[in-house]
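Structure at a glance
The primary structure of each chain is shown beneath.
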Amino acid sequence: MLGVKASHAQSIENREVFWGQEAKRVHWHTPFSQVVDVSRLPFASWFVGGKTNLCFNAVDRWLESDPDQAALVWVSTEVNEQRTYTRKTLWQEVNAVAAMLQAQGVGMGDRVLIYMPMIPSAVFAMLACARLGAIHSVVFGGFASVNLAQRIDDAQPKVIVTSDAGSRAGKVTPYKPLLDRALELCASSVQAVIVENRGLYAFEPVSGRDLDYADLREQHWGQEVAVQWVESSAPSYILYTSGTTGKPKGVQRDTGGYAVALATSMDYVFQGKAGETFLCTSDIGWVVGHSYIVYGPLIAGMTTILYEGTPVRPDGGILWKLVEQYKVSVMFSAPTAIRVLKKQDPELLKKYDLSSLRALYMAGEPLDEPTANWISQGLGKPIIDNYWQTETGWPILAAQPGIEALPTKFGSPSFPVYGFDVRVVDEQTGEDLGAGQKGVLAIVPPLPPGAMSTIWGDDERFVSTYFSAVPNRQVYSTFDWGLFDEDGYWFILGRTDDVINVAGHRLGTREIEESVNAHASVAESAVVGVADALKGQVAAAFAVLKQPERYTTIEQQRALEVEIMALVDQQLGAVARPARIRFVNALPKTRSGKVLRRAIVAVCEGRDPGDLTTIEDPSTLEQIRESI
Ligand code: PRX
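Rules used in this analysis
Residues numbered from 1 in each chain as written. Predicted model: local features only at pLDDT ≥ 70, side-chain atom pairs only at ≥ 80, totals over all residues. Heavy atoms only, no water. Buried < 20%, exposed > 50% of the residue type's maximum accessible area, 1.4 Å probe, protein only. Helix = DSSP H or I, 4+ residues; strand = E, 2+ residues; numbered from the N terminus. Contact = heavy atoms within 4.5 Å. Polar contact = N/O pair within 3.5 Å; in protein donor to acceptor, adjacent residues only side chain to side chain. Arc of directions from axis to C-beta. Core = buried A, V, L, I, M, F, W, Y, C linked by side-chain atoms within 4.5 Å. Near = heavy atom within 4 Å. Areas by Shrake-Rupley, 256 points an atom, 1.4 Å probe, with all protein chains shown as cover. Nonpolar A, V, L, I, M, F, W, Y, C, P; charged D, E, K, R; others polar. pLDDT = per-residue confidence, 0-100. Salt bridge = Lys/Arg side-chain N within 4 Å of Asp/Glu carboxyl O. Pairing = 2+ DSSP bridges. Axes fitted to C-alpha atoms, helices over the stretch in contact; angles between N-to-C directions. Phe/Tyr/Trp six-rings, centres within 6.5 Å; stacked < 30°, edge-to-face > 60°. Parallel < 35°, antiparallel > 145°, perpendicular 65-115°, else oblique. Right-handed = clockwise from strand over helix to strand, strands pointing away.

**Some details on helix α6 (residues 145-155)**
Where α6 is concerned, the buried positions are Ser-145, Asn-147, Leu-148, Ala-149, Arg-151, Ile-152 and Ala-155. In this fold, the buried residues of α6 make contact with β6 (111-115), β8 (159-163), α7 (176-185), β14 (237-241), α15 (509-517) and α16 (554-571). Gln-156 sits one or two positions beyond α6 and adopts a positive phi of about 50°.

**A word on the side chain of His-220**
Here His-220 is to be found in helix α8 (residues 213-220). Only 2.9 Å separates the side chain of His-220 from the side chain of Gln-223, close enough to count as a polar contact.

**Thoughts on helix α13 (residues 369-379)**
One turn of an α-helix holds 3.6 residues; hence residues three or four places apart share an orientation. Among the residues of α13, those classed as buried are Thr-371, Ala-372, Ile-375 and Leu-379. Buried residues along α13 cover an arc of 100° about the axis, so they all sit on one side. Opposite the packed face of α13, turned more than 90 degrees from it, sit the exposed residues Pro-370 and Gln-377. Tucked into the core, α13 has its buried residues touching α11 (318-326), α12 (335-342), β19 (359-362) and β20 (383-385). Gly-380 occupies a position one or two residues after α13 and carries a positive phi of about 65°.

**Let's talk about the nonpolar core**
In this structure, Leu-90, Leu-101, Leu-127, Tyr-292, Tyr-295 and Phe-332 are the most contacted members of the largest nonpolar core, which totals 117 residues. Looking at this core element by element, the count peaks at 10 residues for helix α5 (residues 120-132). Core analysis: the second largest hydrophobic core is formed by 38 residues, Tyr-115, Ala-149, Trp-286 and Met-565 among them.

**What about the site of the ligand?**
The environment of the ligand is formed by 17 residues, the closest being Asn-386, Thr-390, Asp-480, Arg-495 and Arg-506. Gly-364 is positioned with one of its backbone polar atoms (N or O) 3.0 Å from a nitrogen atom of the ligand. Between the ligand and Asp-385 there is a distance of 2.8 Å, counted from a nitrogen atom to a side-chain nitrogen or oxygen. For the ligand, whose free accessible area comes to 540 Å², the fraction covered by protein is 95%. Listed by contribution, the elements that provide at least two residues to the shell around the ligand are α10 (287-299) and β27 (490-495). Counted by class, the shell around the ligand contains seven nonpolar, five polar and five charged residues.

**Quick word on the confidence of the model for the chain**
Averaged over all residues, the pLDDT of the chain is 96; the fraction at 70 or higher stands at 100%. Here α13 stands out as the least confident element of the chain, with mean pLDDT 92; α5 is the most confident, with 99.

**Some details on the pattern of salt bridges**
Applying the stated criterion across every chain, the model contains 35 salt bridges. Two residues, Glu-22 and Arg-25, come together in a salt bridge whose shortest N-O distance is 2.6 Å. On the basis of relative accessibility, which here comes to 23%, the residue Arg-25 falls in the partly exposed class. The partner of Arg-339 in a salt bridge is Glu-365, with the nearest N and O atoms 2.9 Å apart. With Arg-339 in helix α12 and Glu-365 in the loop between β19 and α13, this residue pair connects regions lying 26 residues apart in the sequence. You can call Arg-339 buried: its relative accessible area is 7%.

**Section: the sheet that holds strand β31 (residues 536-545)**
What the three strands build is an open sheet, ordered β30-β31-β32; its pairing is mixed. One side of each edge strand has no neighbouring strand; the edge strands of this open sheet are β30 (522-532) and β32 (580-584). On average, each strand axis in the sheet is inclined to that of its neighbour by 25°, with strand direction left out of account. By the bridge criterion, 10 bridges tie β30 to β31 in an arrangement that is antiparallel. Counterpart to Gly-529 in the pairing with β31 is Ala-539. Sheet strands in contact with α15 are β30 and β31, and its direction is about 140° off that of β30. The sheet strands contacting helix α17 (residues 597-604) are β30 and β31, and the helix crosses β30 at an angle near 55°.

**Brief notes about the packing of aromatic side chains**
Summed over all chains, the structure comprises 36 aromatic pairs. With a centroid separation of 5.6 Å and an interplanar angle of 35°, the aromatic rings of Phe-18 and Tyr-418 are classed as tilted. Placement of the pair is Phe-18 in helix α2 (residues 15-22) and Tyr-418 in the loop between β22 (415-416) and β23 (422-425), with a sequence separation of 400 residues. No difference in accessibility class separates Phe-18 from Tyr-418, as the two residues are buried.

**Concerning the packing of helix α1 (residues 4-13) against α2**
Across the interface, α1 lies against α2 with an axial gap of 5 Å and an inter-helix angle of 105°. Relative to α2, α1 is oriented roughly perpendicular. Across from Ser-7, Gln-10, Ser-11, Ile-12 and Glu-13 in α1, the residues of α2 making contact are Arg-15, Val-17, Phe-18 and Trp-19. Each residue belonging to the contact of α1 with α2 can be placed in one class, and the counts come to four nonpolar, three polar and two charged.

**Notes on the pairing of β32**
For β32, the buried fraction is high: four of the five residues fall into the buried class. Relative to β32, β31 runs parallel, the two being bridged by five bridges. Bridge assignment links Ala-540 to a residue of β32, and that residue is Arg-580. Handedness of the crossover joining β31 and β32 through α16 is recorded here as right-handed.

**Things to note about the sheet that holds strand β16 (residues 277-280)**
Reading across from one edge, β5-β4-β17-β16-β18-β19-β20 is the order of the seven strands in this open sheet, with mixed pairing throughout. The strands lining the two open edges of the sheet, one partner per strand, are β5 (81-86) and β20. Recorded for the sheet is a direction-independent mean angle of 20° between the axes of neighbouring strands. Note that β19 and β20 share three bridges and pair parallel. Residue pairing across strands places Met-362 opposite Asp-385, the latter belonging to β20.

What follows is the structure, given as structure tokens:
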């Protein structure tokens, strides 16, 4: 078998052969006639002419071999419940939800928005959509009404599936009222809202619109819904993500390419085997949850654990307890979760039998060396840092122990993954850079199978956002800085744009600014990401007030800060709330009016702001320094 480097080269230079072979990992109802169509680059269609179905590959395909094998284990330390769904019972649940959606007229190509906490019905709904050839769009439960409304207006779902509430750290977090509020803000209307009532939060159903999940489940129980065979390049889902503008982008994912890419990554990157257990601590509202809680492990015939809870309740040993109890062989988490655990009793790492665990994978934000060292020593297992994005759907850079075991380097997500023709390019010229040189991480198209096919409803924006950022050549910009060293190990050095990463949550500073500006007293604001020891980054806001004379005392300013924070909570959700909002007379801007964000970040982090020759008024930066 080829090593990591050689198989990567083959996947690029001879992509038909490479992916043609890998495609055998999934079931095709109709075989494809062409591996990839690159006649319309940067658009690419994978496995042209082939028809398949994600739900079939994740659920039906595994029914025969061992129907009683656990497929989905739900553990909630929030409501103290555990449930196991076997391959057979998962199939039954998914069919019941597919039947209820079908009864609402949901079919091929229709959108269904899923706004749910980490409960099994959320996974059933995703798989049910896939079964019907419908397109799901899961919205992260931590997001609030304005986020939701934007997504509803853009995706135009026929049906929304939601729940009365979730629970976080023992506190009920209502979902239904936020959705109701969002629907009031929306220009579009939906046909039906299916509500899984957990009895956590009392609400009044909207008559003629709201339907009860449990009632419908009972009504449709035992029905078998035929799998709809979907064109390989037809969308499987839309997942919204933040960028430079205030308007989130609907990342559109294909079907066949995604199935093949995930199946391949489950083997080469994660080394997960059918019958084993995968624990991913992300959330179904993020891409990691889509790929490695739901589709990846199930397509590989693994048992996947859906965990509703935090890493520290009832104590900091809960994740390791799950590893022992369910004999987890592959675990996927985020650096922030591990940093949270670092504050707990280190003995908790020794309390449980972790012999089943082969490796801990981490992604979503930079993995700092102290955290990597702490967890790797504590567990005595390989730590595999992997780098990717909502847009790509699966790792761009990672160690690939399923191909070849190579040493890892702390701070590096190792090597380019097969299929990704990654380069470090010069920001000014677009030219490829060599070892040790910092540049923008770019990918030469075609993007591999399963990576985004376009922005939902906006091909033009797909090209203008992602393929026009690097000068002089049409390559995909990751909007991350990076470099590779002499030994071929790659490093990520932060975003080139205004996206920030708070505890692994990707947020757009522009969206937060719009929310801060929505307060009647605010004239304008700048939101930046500032380094934070626990969360990686936190949002810091600087606001200019319309009538600063009304807020002169500390008490008045503090009260206003609390009000603005509450507004952000209500509009975007607590994840987006700035850690602090400070009031200044003016924002540091260039003479052409561009806010000098990098200078603000530098000042906040106590670093030298660098070249300030373009600044209009240097005293504005001074004021920022004083305000912190
Ligand atoms: O800046 C990079 C950072 O997270 C961004 C993508 O976030 P999201 O779309 O939420 O997808 C997360 C999928 C894992 C990237 O542009 N990022 C992701 N992984 C890493 C990372 N930064 C450093 N190291 C990583 N391993």
